[in-house]
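What the coordinates show
Residue-level listing of the chains:
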Amino acid sequence: MPRSEKNPDIQYCKMAQASSLTTNIALALVVVLMTLLRQNKSLQKWFVSNVEKLLSKKSSTTRKVNILSPTLKLARDEKSTGAYQPNFPKLSSGGPTLFELTQNLVRLHEYRARGESYNGLLFQRTRQLGENSQDQLRQLGYFTKLVKSNEGIRENAKIIDKIIEHTLTKLVRSNEHDREFTEEIENICGEHGYEVRDGHLTQLKSSSQFPVVLSQGSQNAVHEALAHLCRDFSSYYSKERDPLQKFISNRIKNHVVGSGSPEENNLIVVPGAGVGGLSHGLSSTFPHMRVDSIELSALMYICNLFALGYDRDVKIRPFTQQYSGQTEFGNQLRALSADLSKFNQCDNLNPLWGDFRQYSPNAKNFDKIIVCSAYFIDTAENVFDYLASIEALKGYCKELHWVNVGPLKYGTKPLVQFTGDELKRLRKMRGWKDLVQTYEVDYSKGLNGYLTDYESMYQGYYGLLKFHSVFENSD
Ligand SMILES: C[S@@+](CC[C@H](N)C(=O)[O-])C[C@H]1O[C@@H](n2cnc3c(N)ncnc32)[C@H](O)[C@@H]1O
């Protein structure tokens, strides 16, 4: 066999050269098109309106279809009244739609292509180096590393395929008796390479041509959702989860329940549940309480349903494209096991997809509601909205508790960015009484990592603001 066929470095060069010609032609066309569009306003308008027409034709139907959680049952927009969305009665329209679900399934579908194309870009960059440097890269096995990273991406893509299949299966099953949506659902399944036969998904041959649909969002959210599956369900990350879970569970055990009222009359609410590790933990620690968890992001929510419904462990390589801070490539490529077989859904857990600010419990007469927020407060664009939504839960119970643990690392264009002390005084002003409030900021006593690669040279840790407060405002 000629040397070039054996050596992955040289194979990568050849593959990349061939693909680089096609890429260059495509890029040149895009550049010409962009230049024409930039220079000519009426051409620009014509182009945008035609692209919009093309996209909206397909999406206009799915945009109007609401999707209910946790069933993934579909309902036409005009029907989405309180009766259909018991936990989101404030919605007259809006809320998660079939369109949002399909967009995010496409985003998942693109993971492999986009990941490999990023590695292709990394290869392309090396072409700017001189002959000698490229030769040294070859000797170092630098290109082999890129090929192996692609293998890691392909392994992750297999898990992503399972997530897509799991979601589509749930969508098909929940709507199989509603003929109104049959065609739409079959089309969506077709886009991902499945056919629906007698209510079951059948995978089409991989040689079948699936339509290319480009999602709008970036791939970061897909990487994050995969990494969160590890954070919430892999033993590797128990050191990140356990301190949060322990603080919240202890507060509930020792300072909320046990004072006479039956646990059945209490409700735990977890806003910003991510992929659901904390809410699952609370539902199994307190099997007699109902736990409503609410997550806004479609990708996180899809992964949450997968984690609760898939009964086997899965191996995920969360760092395969994290090139910074690595000591050796083996670490970068390593797989973590998300032990999903241990995390089946408990009957008292109600995982909801939606905006916490529009959530309501579906009963009015709880003894106690305990809001448990972890790494959540600082996601608020308007933290006053979060406070108001939490306080509104007082209308559904005799006693409202709020147990919080997390940093204050504001993102999402916040209108205000409070210190811990300002938040404490604000709670007091609004009628909250703190039973406890502490900070954990001492490095020597251990801070809290968040999706940290503990084998790498960059490790991020957070100090935590922990409080447990009771709402005493009777207005
Ligand atoms: C930093 S993550 C933390 C996730 C989880 N609590 C954990 O500790 O792993 C914050 C989560 O809150 C979600 N989120 C942000 N705003 C929300 C809202 N208004 N309603 C529900 N979830 C929201 C985000 O999508 C994200 O998954």
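Residues numbered from 1 in each chain as written. Predicted model: local features only at pLDDT ≥ 70, side-chain atom pairs only at ≥ 80, totals over all residues. Heavy atoms only, no water.

Looking at the overall build of the protein
Helix and strand counts for the protein come out as 15 helices and 15 strands. Buried positions account for 47% of the 475 residues belonging to the protein. Taking all contacts inside the protein whose residues are at least 6 apart in sequence as the whole, residues at least 24 apart take part in 76%. About 24,200 Å² of surface is accessible on the protein, with carbon and sulfur atoms providing 53% of the total. (Helix = DSSP H or I, 4+ residues; strand = E, 2+ residues; numbered from the N terminus. Buried < 20%, exposed > 50% of the residue type's maximum accessible area, 1.4 Å probe, protein only. Contact = heavy atoms within 4.5 Å. Areas by Shrake-Rupley, 256 points an atom, 1.4 Å probe, with all protein chains shown as cover.)

Examining the sheet that holds strand S10 (residues 366-374)
Backbone-to-backbone hydrogen bonds pair the strands of a sheet. The strands run either parallel or antiparallel. With respect to topology, seven strands assemble into an open sheet ordered S9-S6-S5-S10-S11-S15-S12, the strand pairing being mixed. Edge positions in the sheet fall to strand S9 (349-353) and strand S12 (432-440), since each has one partner strand and no second. On average, each strand axis in the sheet is tilted by 15° relative to the strand beside it, whichever way the strands run. Sheet topology note: the strand S5 (residues 266-271)/strand S6 (residues 290-295) ladder contains five bridges and is parallel. Residue pairing across strands places Leu267 opposite Arg290, the latter belonging to S6. Relative to the sheet, helix H15 (residues 420-429) contacts strand S11 (397-406), S12 and strand S15 (464-471), its axis offset from that of S12 by approximately 170°. (Pairing = 2+ DSSP bridges. Axes fitted to C-alpha atoms, helices over the stretch in contact; angles between N-to-C directions.)

Focus on the packing of helix H7 (residues 142-174) against helix H8 (residues 182-191)
Closest axis-to-axis distance for the H7/H8 pair is 11 Å, and the angle between their directions is 165°. Taken together, the axes of H7 and H8 are roughly antiparallel relative to one another. Handedness of the H7/H8 crossing: left-handed. Together, Leu168, Leu171 and Val172 of H7 and Ile185, Ile188 and Cys189 of H8 make up the contact between the two elements. Here the residues of the contact of H7 with H8 sort into six nonpolar, no polar and no charged. (Parallel < 35°, antiparallel > 145°, perpendicular 65-115°, else oblique. Left-handed = near helix turned anticlockwise from the far one by under 90°. Nonpolar A, V, L, I, M, F, W, Y, C, P; charged D, E, K, R; others polar.)

Thoughts on the pairing of S11
Within S11, eight of the ten residues are buried, which leaves the element mostly enclosed by the surrounding structure. Relative to S11, S10 runs parallel, the two sharing eight bridges. Paired with Cys372 across the two strands is Val403, which belongs to S11. Considered for its hand, the β-α-β crossover made up of S10, helix H14 (residues 383-392) and S11 is right-handed. Relative to S15, S11 is paired through seven bridges, and the arrangement is antiparallel. Note on S15: the bridge partner recorded for Gly406 is Leu465. (Right-handed = clockwise from strand over helix to strand, strands pointing away.)

Notes on the side chain of Arg241
As for its position among the elements, Arg241 is in helix H10 (residues 238-255). Buried charge without a partner: Arg241 forms no salt bridge, and the closest opposite charge is Asp242, 4.7 Å away. Engagement of the side chain of Arg241 in a polar contact is seen with the backbone oxygen of Arg231, the distance being 2.7 Å. (Lys, Arg positive; Asp, Glu negative; His and termini not counted. Salt bridge = Lys/Arg side-chain N within 4 Å of Asp/Glu carboxyl O. Polar contact = N/O pair within 3.5 Å; in protein donor to acceptor, adjacent residues only side chain to side chain.)

Side note on the site of the ligand
Looking at the ligand, there are 18 residues lining it, with Arg231, Gly272, Glu295, Asp355 and Ala374 nearest. One of the backbone nitrogen or oxygen atoms of Leu296 is found 3.2 Å away from a nitrogen atom of the ligand. At 2.8 Å from a nitrogen atom of the ligand is found a side-chain nitrogen or oxygen belonging to Asp355. Out of a free accessible area of 600 Å², the ligand has 86% covered by protein chains. Tallied by class, the residues present in the shell around the ligand amount to nine nonpolar, five polar and four charged. (Near = heavy atom within 4 Å.)

Details of the side chain of Gln437
Here Gln437 shows up in strand S12. A distance of 2.8 Å separates polar atoms of two side chains, one belonging to Gln437 and the other to Arg427. In this structure the side chain of Gln437 is engaged in a polar contact, spanning 3.0 Å, whose partner is the side chain of Tyr439. Ignoring any residue separated from it by four or fewer positions in sequence, one finds Gln437 in contact with Gly420, Lys424, Arg427, Leu465, Lys466 and Phe467.

A few points about H8
Of all the residues in H8, the buried ones are Glu184, Ile185, Ile188, Cys189 and Glu191. In an axial view of H8, the angular spread of the buried residues amounts to 155°, which keeps them on one side of the axis. Following H8 by one or two positions, Gly193 has its phi on the positive side, about 90°. (Arc of directions from axis to C-beta.)

A short note on the pairing of strand S2 (residues 73-76)
Here strand S1 (residues 65-68) pairs with S2 via four bridges, running antiparallel. Each residue of the ladder has a partner; that of Ile67, found in S2, is Leu74. Adjacent in sequence and paired antiparallel, S1 and S2 are bridged by four residues, among which Leu72 carries a positive phi angle near 65°.

Some thoughts on the nonpolar core
Judged by nonpolar contacts, the single largest core of 52 residues is most densely connected at Leu108, Ile163, Leu171 and Leu229. No fewer than three residues from each of domain 1 (3-203) and domain 2 (220-471) sit in this core. Beyond its immediate sequence surroundings of up to four residues, Ile163 is in contact with Leu108, Leu226, Leu229, Ile302, Cys303 and Phe306. Grouped together as the second largest cluster of nonpolar side chains are 30 residues, Ile369, Leu393, Trp402 and Leu465 included. (Core = buried A, V, L, I, M, F, W, Y, C linked by side-chain atoms within 4.5 Å. Domains from an automatic or database assignment.)

Looking at the packing of aromatic side chains
What characterises a pair of aromatic rings is the spacing of the ring centres plus the angle enclosed by the ring planes. Inspection of every chain in the model, using the stated rule, returns 21 aromatic pairs. For the pair Trp402 and Phe467, a centre-to-centre distance of 4.9 Å together with 85° between the ring planes defines the contact as edge-to-face. Separated by 65 residues along the polypeptide, Trp402 in strand S11 and Phe467 in strand S15 bring together distant segments of the chain. Exposure remark for Trp402: the relative accessible area of 4% places this residue in the buried category. Where Tyr443 meets Tyr461, the ring centres are 6.4 Å apart and the plane angle is 85°; that geometry is what we call edge-to-face. With Tyr443 in the loop between S12 and strand S13 (448-449) and Tyr461 in strand S14 (residues 461-462), this pair connects stretches of sequence that are 18 residues apart. (Phe/Tyr/Trp six-rings, centres within 6.5 Å; stacked < 30°, edge-to-face > 60°.)

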